[in-house]
Amino acid sequence: MLQKIEELRGQIRDRLTAVKSSDELKEFFTKYLGSKGAVSDLMKELGKLDKSERPAAGKLINDFKNEMMEDFKRVEADVANRERAAKYEREAVDITMPAEMREPGALHPVTMVFNQLADIFAGMGFTVYEGTEIEDDYHNFTALNTPQDHPARDKQDTFYITEDLLLRTQTSGGQIHCMETMEPPFKVIMPGRVFRCDDDATHSPMFHQMEGFVIDKNVSLSDLHGLLDKLAKAMFSPDTKTRFRPSFFPFTEPSVEVDISCCECGGKGCRLCKGTGWIEILGAGVVNRNVIRNCGLDPDEWTGLAFGAGLDRIAMLKYGVNNIHILFDGDKRALEQFRK
Ligand code: DAH
């Protein structure tokens, strides 16, 4: 027995010094010190001994096992230390290294314009309604008093998806959705992307509009003027003037086009306003009685005001951009100039 113990001691010590990792350590433990390991096997040999020798031999094996366990624990602590040190080294961060610079993001000029408008109108009690970009013919045209043969329905201008579905050409269809789903009186703004088959320096096939829409009792053109004058002054400068020019839109009567005094020259006349001192910024009007009737409301009871502004156009005027594509081409060099 003594000899067996000595042999095993030698073997265990050799193997322990060779152990390099915690995985090897685990393997070692199962092989020698675990419940089915070589040291436990020695216990089985006890049965072969004479009864009188067993207590002494048993003690010998136990002492041996304890001694080997101590050796094992020492190596185990060593391996753990070594592995921790290696991990720290591997994951070390050099805090003196120059940081990778991340460029700050910025809001798109059209987003900035909308946020500003939303602020102004929220202050006047308006809520925001967002419609869908795919619209049916009825909401985009028919219900807006735009008959089948109106030039605005020409396939030249409209992207049709099917006979009945199209990419909305204007946010005005939102007026119909609002009247169909909301209880009057209400005041809403409706921002969104709109689409037209048109592409040059001042037109993009995708652009942004914001519709303003009020349904109430006894609202008039002078309320509309007050509203839009406030918009112009807040958007451009407190001394911006507004004027209404008579115009035509199928869904408003009377209809107006709204000019502001030129934001570049203040009204003296320059290249931007083509010498006139005025710049057109939006279309507006008193909601046509037919449109109100189309949505099941009584035009003798309810009156409406509406306007539609091009957000890109306002952004271009405000930030001095002369080509609409600069806004949408995604060139960072152009866009980062608008960072606040
Ligand atoms: N929807 C018109 C357009 O896209 C703009 C417009 C004009 C909207 C007059 C209105 C309005 O609400 O009253 O050209």
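The model shown is predicted, which means the values in this text are computed figures rather than measured ones.

**Quick look at the packing of helix H1 (residues 2-18) against helix H4 (residues 54-90)**
Moving on, step 1. In contact at an axis separation of 11 Å, H1 and H4 are set at 5 degrees when each is read in the N-to-C sense. In this view, H1 runs roughly parallel relative to H4, as classed from their interaxial angle. In contact with Leu2, Ile5, Leu8, Arg9, Ile12, Arg13 and Leu16 of H1, H4 contributes Leu60, Ile61, Phe64, Glu67, Met68, Asp71, Phe72 and Val75.
Moving on, step 2. Per-class residue counts for the contact of H1 with H4 are eleven nonpolar, no polar and four charged.

**Thoughts on helix H5 (residues 109-122)**
Moving on, step 1. Given a rise of 1.5 Å per residue, 14 residues ought to cover 20 Å, and the 20 Å separating the end C-alpha atoms of H5 matches this to within 8%.
Moving on, step 2. Buried within H5 we find Pro109, Val110, Met112, Val113, Phe114, Leu117, Ala118, Ile120 and Phe121.

**Some remarks on the sheet that holds strand E4 (residues 186-195)**
Moving on, step 1. Taken in spatial order, the seven strands of this open sheet run E1-E4-E5-E9-E8-E7-E6, and their pairing is mixed. Two strands lie at the open edges of the sheet, namely strand E1 (127-128) and strand E6 (242-249), each paired on one side alone.

**Digging into the environment of Glu253**
Moving on, step 1. Within the secondary structure, Glu253 sits in strand E7 (residues 252-261).
Moving on, step 2. Spatially, the C-alpha atom of Glu253 lies 8.0 Å from that of Arg289, the residues being 36 residues apart in sequence.
Moving on, step 3. Setting aside residues up to four positions removed in sequence, Glu253 forms contacts with Val286, Val287 and Asn288.

**Details of the site of the ligand**
Moving on, step 1. With respect to spatial proximity, 15 residues lie near the ligand, and among them Gln170, Ser172, Arg196, Gln209 and Glu211 are the closest.
Moving on, step 2. One nitrogen or oxygen atom from the side chain of Ser172 is found 2.9 Å from a nitrogen atom belonging to the ligand.
Moving on, step 3. For the ligand, the protein covers 90% of the area, taking 350 Å² as the surface of the free molecule.
Moving on, step 4. Those elements giving two or more residues to the shell around the ligand turn out to be strand E5 (206-216), strand E8 (278-287) and strand E9 (303-310).
Moving on, step 5. Looking at the shell around the ligand residue by residue, the classes come out as five nonpolar, eight polar and two charged.

**A word on the packing of H1 against helix H2 (residues 22-33)**
Moving on, step 1. Look at H1 against H2: their axes get within 10 Å of each other, and the N-to-C directions meet at 170 degrees. Classified by the angle between their axes, H1 and H2 sit roughly antiparallel to one another. From H1, Leu8, Gln11, Ile12, Arg15, Leu16 and Ala18 reach across to H2, where they touch Glu24, Leu25, Phe28 and Tyr32.
Moving on, step 2. In terms of residue class, the contact of H1 with H2 is built from seven nonpolar, one polar and two charged.

**Remarks on the pairing of E7**
Moving on, step 1. Across the ten residues that make up E7, a large majority, eight, are buried.
Moving on, step 2. As paired elements, E6 and E7 share seven bridges and run antiparallel to each other. Residue pairing for E7: Thr242 is matched across the bridge by Ile260.
Moving on, step 3. Counting the residues in the hairpin turn of E6 and E7 gives two residues.

**What about a negative patch on the surface?**
Moving on, step 1. A cluster of acidic residues, Asp154, Asp157, Asp198, Asp199 and Asp200, forms a negative patch at the surface.
Moving on, step 2. Within the secondary structure, Asp154 is located in the loop between helix H6 (137-140) and strand E3 (165-167).
Moving on, step 3. A residue is classified by how much of its surface remains accessible, and Asp154, at 38% relative accessible area, is partly exposed.

**What to know about a nonpolar patch on the surface**
Moving on, step 1. Taken together, the side chains of Ile134, Ile161 and Leu165 define a hydrophobic patch exposed on the protein surface, amounting to about 250 Å² of accessible area.
Moving on, step 2. Summarising the element assignment, Ile161 is placed in the loop between H6 and E3.
Moving on, step 3. For Ile161, a relative accessible area of 45% corresponds to the partly exposed category.

**As for the state of the cysteines**
Moving on, step 1. Considering all chains together, one arrives at zero disulfides under this definition.
Moving on, step 2. You can see Cys263 has no disulfide; the closest cysteine sulfur is in Cys262, sitting 5.3 Å from it.
Moving on, step 3. According to the relative accessible area criterion, Cys263 is partly exposed, its value standing at 32%.

**A look at unusual backbone geometry**
Moving on, step 1. Residues Pro184 and Pro185 are joined by a peptide bond in cis, for which omega reads 0 degrees.
Moving on, step 2. As for its placement among the helices and strands, Pro185 is situated in the loop between helix H7 (173-181) and E4.
Moving on, step 3. A cis amide bond links Glu253 to the next residue, Pro254, at an omega of 0 degrees.
Moving on, step 4. Along the chain, Pro254 turns up in strand E7.
Moving on, step 5. The phi dihedral of Asn145 falls on the positive side, at around 60 degrees, and the residue is not glycine.

**Here we look at the domain arrangement of the protein chain**
Moving on, step 1. Partitioning the protein chain into domains gives domain 1 (2-90) and domain 2 (109-336).
Moving on, step 2. Relative to domain 2, the C-alpha centre of domain 1 lies at a distance of 85 Å.

**A short note on H2**
Moving on, step 1. Those residues of H2 that fall on the buried side of the exposure criterion are Leu25, Phe28, Tyr32 and Leu33. The buried side chains of H2 occupy one side of the element, clustering within an arc of 75 degrees when seen end-on. Structural note: H2 exposes Asp23, Lys26, Glu27, Thr30 and Lys31 on the side pointing more than 90 degrees away from its buried face.
Moving on, step 2. In this structure, the buried residues of H2 make contact with H1, helix H3 (38-45) and H4.

Rules and cut-offs
- Residues numbered from 1 in each chain as written.
- Predicted model: local features only at pLDDT ≥ 70, side-chain atom pairs only at ≥ 80, totals over all residues.
- Heavy atoms only, no water.
- Axes fitted to C-alpha atoms, helices over the stretch in contact; angles between N-to-C directions.
- Helix = DSSP H or I, 4+ residues; strand = E, 2+ residues; numbered from the N terminus.
- Parallel < 35°, antiparallel > 145°, perpendicular 65-115°, else oblique.
- Contact = heavy atoms within 4.5 Å.
- Nonpolar A, V, L, I, M, F, W, Y, C, P; charged D, E, K, R; others polar.
- Expected span 1.5 Å × (residues − 1).
- Buried < 20%, exposed > 50% of the residue type's maximum accessible area, 1.4 Å probe, protein only.
- Pairing = 2+ DSSP bridges.
- Near = heavy atom within 4 Å.
- Polar contact = N/O pair within 3.5 Å; in protein donor to acceptor, adjacent residues only side chain to side chain.
- Areas by Shrake-Rupley, 256 points an atom, 1.4 Å probe, with all protein chains shown as cover.
- Patch = residues over 30% accessible without salt bridge, like charges linked within 9 Å, V, L, I, M, F, W, Y side chains within 5 Å.
- Salt bridge = Lys/Arg side-chain N within 4 Å of Asp/Glu carboxyl O.
- Lys, Arg positive; Asp, Glu negative; His and termini not counted.
- Charge placed at Lys NZ, Arg CZ, Asp CG, Glu CD.
- Disulfide = S-S within 2.5 Å.
- Domains from an automatic or database assignment.
- Arc of directions from axis to C-beta.

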